[in-house]
Amino acid sequence: MVNLYLRYGLAAAIASLSLSAQGTATLAGHVTDPSGSAVPAARVVVENTVTKYRAEAESGPDGAFAIRSIPFHTYQVSVSRAGFEEWRQNISLRSTVPFVLSAKLELAASAESVTVNAGESALLVDPEETGTHVQMNQGDIDRLARQVGNRGLESVIVTFPGFAQNANGAIHPRGAHNQMTFVIDGMPISDQLNGAFANAVDPNIVQTVELFTGNIPAEYGAKVSAVANVTTRPGLGFGRRFGGSLSLNAARYGLLSQVTQVAGESGRVGYSATVNTMKTNRYLDAVSLNNLHNGGNSERGFFRIDMQAGARHLFRINGMTGRSSFQLANLRSQHANRMDQRQMLRDASGSFSWIYTIDARTTLESTTSYRTTDARLSPSAGDTPVTASQERHLSTFTTGARFNTIRGVHNLRAGFDIQRFPVSESFSFGITGRGFNDPASESYNPNLLQYDLTRGGGHFRFAGRRTGGLYSAFIQDSIKLARWQFTLGLRLDAYRFLVDGSQAQPRLGASYHIRESGTVLRASYNRLYQTPPNENLLLSSSAQAASVAPPGVNEALGSAVVLIRPERQDFVEAGVQQALGKRAGLNVSYYHKQARDQQDNNNFLNTGVIFPITLSKIRVNGLETRLVVPPMRGLSGTLSVTHSRAVSTPPFSGGLYIGNDAVDALSAGPFVIDHDQPLAIHGVLSWNHKSGWYATFSARHDSGLVANPSDPAEVARDPDFSDLLPYVNLTASPARVRPRTVMDYGAGFERTRDGRRRWDISAQVSNLTNRTALYNFQSVFVGTRVVQPVTVGLRFRAHF
C-alpha cells in the first residue's frame with residue numbers, strides 16, 4: 001500500500017505541477033483510510049487565516065487530489081469526510097516543485113482528531129521569512145474600502161506598511177519615488193504605473209498579490225524598492241466550461257463603470273478574461289479645490305489561457321491591454337483662458353510561458369514577454385503659462401528562464417533574464433504667459449528666454465530614439481537548519497543604455513524561531529542596483545534639457561550634461577515577528593538605506609508629465625509595524641504604522657525644470673525630500689457574516705509630505721493657490737502639507753444558493769468625513785494635488 005501511495009503521489013505531483021503558475025506552489029497528495037484504501041470525495045482545504053488565502057479540492061475515486069497556484073507561504077491543510085475524524089497538518093510551500101502529502105484518516109468512532117504539527121496560532125508568525133513580505137487575496141481586495149474612481153492595484157498596496165501615499169495613485173515605497181516592479185504571472189513590468197503617467201494594473205484580474213519590501217529575492221531586479229508578485233485568476237480548476245460575472249458601478253462625479261469577467265475549463269485547457277471600462281468627471285486628483293477640466297475614460301482588458309500538454313508540460317498565454325483618454329486638470333486661471341490640454345495613454349502586452357516538470361524534485365520554467373506603451377500630450381490654443389506637446393513610445397522585450405530544485409535542506413532557484421527596450425521621444429514647449437519668466441523677477445531664468453513666445457522666442461523641440469538592454473543572472477538558496485532559516489542570493493546585472501554599468505548584488509537574510517514564545521527574529525542585507533526609468537529618459541539626459549536648467553543647477557553640476565546612472569543601494573533590515581496569544585500577530589521592521597545616484601522625477605507644471613532626475617545621494621531610515629488580527633466571529637483587521645526619514649543631497653541633474661523656482665534653493669545642500677513623512681497609519685476593519693452581509697472600514701492618517709518652500713505672502717496673492725494656504729504649513733522647516741485623516745466605508749450583501757454566488761450589491765463612501773486636504777503643494781517633484789472630497793458609489797454584480 002505504501003508503494004501504491006508513492007505511485008499516486010508522484011503521478012499527482014507531476015500532473016498537478018503542470019497546472020501550476022510561475023511563482024506559485026502546488027499541493028498534491030492522496031487520502032487513505034486506516035487500511036490504506038483510497039478515500040474518494042474527501043474535502044481538502046488549504047488555508048492561512050492571517051493572509052486569508054483559502055482554496056479547496058475534492059479527492060477523486062483513487063483518493064488523489066491537487067490544488068494549484070498557491071502563493072508561497074505557510075498553510076494549514078485539513079482533510080475531512082463524513083465518518084472520519086478531521087486530519088490537519090501545517091506545511092510550508094516555497095517552491096514550484098510540488099509538495100506531496102499523504103493524509104490517513106481515522107474512523108470517527110475509534111480515534112481522536114489527527115493533528116500533525118498543526119494549529120492556527122502557528123500561522124501567526126512565519127519562521128521562514130527573512131525579510132518583509134506580505135500578501136493579500138482576491139476576497140479582501142474585492143471588499144476593501146478604498147477611494148472610488150480611477151485607482152489601480154496601488155490603492156490596495158498602500159494599505160501595507162512602508163508606503164507614503166501621493167496623488168493620482170502614486171506611492172512611495174520606503175523612501176523611493178517609485179522604483180517598483182509588478183510581476184504579472186512571471187512577466188515583469190517596471191513602468192511607472194499610475195493614473196497620470198501609465199495605465200495601472202487592474203485589481204479585478206488579481207487572485208493574489210505578494211509584496212516584497214525587505215530582503216528582495218535575487219531573482220528580482222531593475223526597480224526593486226518594492227516588488228508586487230501578482231498571480232492572476234486561472235481558468236483551470238474553475239469546475240465549469242463557462243461562467244463569470246457582470247458588475248455595474250455608479251458614483252459621484254458622473255462615474256459609470258462596468259467589469260465583465262468570464263472563466264472556464266474544458267479538459268486540459270482553461271481560460272479567464274476580464275474587461276473593465278470606466279468614465280468619470282474627476283479622472284485625476286484635482287489641482288485646486290475646484291474640479292476643473294478633469295474628465296476622462298479608460299478601458300482595460302486581460303486574458304489568460306492555460307494548456308496542459310501531457311503530464312509534464314504546461315503552456316500559458318497572457319494578454320493585457322489598456323487605453324485611457326483624459327483632460328489635464330486646470331487651475332482657475334487656466335480654465336478662464338479655456339486651456340484644453342489632453343492626454344492619451346495606451347499599452348499592450350503579452351507573454352508566453354512554458355513550465356516543465358523534470359522530476360518530482362525539479363522543474364524548469366521559461367517566460368517570454370513583450371510590452372509596448374504610448375503616451376500623447378495634446379496642446380490647446382488656450383494653454384497658459386506654458387504650452388506643450390509630447391509623443392512617447394516605450395517597448396520592452398524580456399525572455400528568461402528559472403531552474404528550481406529541492407535537495408535535502410536546500411531549496412534552490414537559479415535563472416537569467418535578457419531585456420531589450422527601444423525608446424522614442426518627441427517633446428516641445430513654449431512659454432505663453434508673459435509673467436511666467438519675467439526678467440524683473442528674482443526667479444528669472446535667462447536660459448528660458450529663447451523659448452518665451454511672448455517675447456519673440458520659439459518652441460523648444462526635442463526628438464530622440466535609442467535602444468537599451470539589461471542582462472541578468474541570479475542564484476538563490478533557502479536553507480532550513482533546525483530553528484534557523486537562511487536565504488542566500490547573488491544577482492549580477494549588466495546595464496547597457498545611455499550609460500554602461502554592472503553590479504554584483506548579494507541578497508542575504510537569516511531568521512531564528514523561538515517556538516516557546518512564538519517569536520521570530522530576522523535580519524538581512526541587500527545590495528540593489530536600480531536602473532533609471534526609461535520614460536522621458538532621453539530628453540532628461542540631453543544637452544537640450546541641460547541648456548534650460550536654472551543657472552544655479554548648472555553651476556552646482558560643474559558641467560553641461562550629467563547622464564543619469566543606475567542607483568546603487570546598500571539596504572539593511574532587522575525585524576521581529578511576535579504571536580500575541582492565539583489571536584493576533586505583530587511584525588516590526590527597522591531599515592536603513594544608503595544610495596548613490598538617487599533617482600527621482602520632476603513634474604512638468606501640473607501636467608502629470610514627469611522627467612527622470614538624479615541627485616548625488618539619499619539616506620533613508622524607517623520603522624514599520626503591522627498588526628494582523630485573523631477572523632474571529634466574523635471580525636478581522638490590520639493596522640499598519642510607518643515612520644520614515646529621507647534626506648537627499650544635491651546636485652540635481654537630468655529633468656526639465658520649467659517653473660520650479662525651488663530647485664536653486666534645494667541645490668544648496670542636503671534637504672528633506674518630499675518622500676519623507678514622520679507618520680502614516682492605515683487601519684482596516686472587516687466584518688463578514690455567514691448570512692452574506694459584510695462591511696469594511698478603512699482609515700488612513702498621514703502627517704504630511706514635504707511641500708515646496710514657497711513664500712506664504714506670494715501664495716496669498718496668487719488666486720490659483722491662495723485658498724490652499726490653510727492646508728499647508730509653509731512656515732515649518734521643512735514646509736509640509738498639513739496632517740490629514742481620511743476614512744472610507746463599504747458594506748454589502750452577497751446572495752448564494754447551492755454553494756454558488758448568485759449576485760451581490762454594495763455601497764461605498766470615500767472620504768467619509770469630507771476632509772479637505774492636500775497630497776502635496778507646488779512640489780518640484782509632483783506639483784499640487786487635492787484629496788478627493790466625499791464620494792458615494794454603488795455596485796451591483798450578477799454571477800452566471
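Preceding block: the structure.
Please read these numbers as outputs of a predicted model, since none were measured by experiment.

### Brief notes about the overall build of the protein
The helix and strand inventory of the protein stands at nine helices and 43 strands. Once the C-alpha set of the protein is aligned to its principal axes, its extents read approximately 95 × 50 × 50 Å. Out of the 800 residues belonging to the protein, those deemed buried represent 59%. Within the protein, counting contacts between residues at least 6 apart in sequence, those at least 24 apart form 68% of the total. Of the roughly 29,400 Å² of accessible surface on the protein, 57% is carried by carbon and sulfur atoms.

### Observations concerning empty space enclosed by the protein
Under the criterion given, the structure shown has 19 cavities of 30 Å³ or more. In this structure, the largest cavity encloses a volume near 750 Å³. Around the largest cavity sit 40 residues that line it, and Arg146, Asn204, Asn249, Gln764 and Arg795 are the ones nearest its centre. The set of elements that each furnish at least two residues to the lining of the largest cavity consists of helix 2 (138-143), strand 16 (243-251), strand 17 (255-266), strand 18 (269-280), strand 19 (296-309), strand 39 (740-753), strand 40 (756-766) and strand 43 (791-799). No other element matches the five residues that strand 16 contributes to the lining of the largest cavity. Its residues assigned to classes, the lining of the largest cavity shows 14 nonpolar, 17 polar and nine charged. In this structure, the second largest cavity spans a volume of roughly 570 Å³. Along the walls of the second largest cavity sit 31 residues, with Phe212, Pro217, Gln476, Ser478 and Thr487 positioned nearest its centre. Residue assignment for the lining of the second largest cavity shows that the elements contributing at least two residues are strand 14 (206-212), strand 24 (410-431), strand 25 (460-481) and strand 26 (484-496).

### What about the environment of Arg522?
As for its position among the elements, Arg522 is in strand 28 (residues 519-530). Here the alpha-carbon distance between Arg522 and Ala348, two residues 174 residues apart in the chain, equals 40 Å. A polar side-chain atom of Arg522 sits 2.5 Å from a polar atom in the side chain of Ser589.

### Regarding the pattern of salt bridges
Counted by the stated rule, this structure contains 39 salt bridges. For Glu573, the salt bridge identified is with Arg522, shortest N-O distance 3.8 Å. Here Arg522 lies in strand 28 and Glu573 lies in strand 29 (residues 567-580), a separation of 51 residues in the sequence. A cluster of three or more residues bridged by salt bridges with shared partners is formed by Glu219, Glu365, Arg402, Arg413 and Asp417.

### Comments concerning the sheet that holds strand 13 (residues 187-189)
Taken in spatial order, the five strands of this open sheet run 9-14-15-12-13, and their pairing is mixed. Each edge of the sheet is formed by a strand with only one pairing partner; in this case those strands are strand 9 (133-137) and strand 13. When strand polarity is set aside, the average angle formed by the axes of neighbouring strands in this sheet is 20 degrees. As paired elements, strand 14 and strand 15 (residues 226-232) share six bridges and run antiparallel to each other.

About the cut-offs
- Residues numbered from 1 in each chain as written.
- Predicted model: local features only at pLDDT ≥ 70, side-chain atom pairs only at ≥ 80, totals over all residues.
- Heavy atoms only, no water.
- Helix = DSSP H or I, 4+ residues; strand = E, 2+ residues; numbered from the N terminus.
- Buried < 20%, exposed > 50% of the residue type's maximum accessible area, 1.4 Å probe, protein only.
- Contact = heavy atoms within 4.5 Å.
- Areas by Shrake-Rupley, 256 points an atom, 1.4 Å probe, with all protein chains shown as cover.
- 1 Å grid on protein atoms, 1.4 Å probe; cavity = no way out; pocket = protein on both sides within 12 Å on 5 of 7 lines; lining within 4 Å.
- Points joined across faces, edges and corners; volume = space filled by probe spheres on them.
- Nonpolar A, V, L, I, M, F, W, Y, C, P; charged D, E, K, R; others polar.
- Polar contact = N/O pair within 3.5 Å; in protein donor to acceptor, adjacent residues only side chain to side chain.
- Salt bridge = Lys/Arg side-chain N within 4 Å of Asp/Glu carboxyl O.
- Pairing = 2+ DSSP bridges.
- Axes fitted to C-alpha atoms, helices over the stretch in contact; angles between N-to-C directions.

That's the geometry; what it means functionally is another story.
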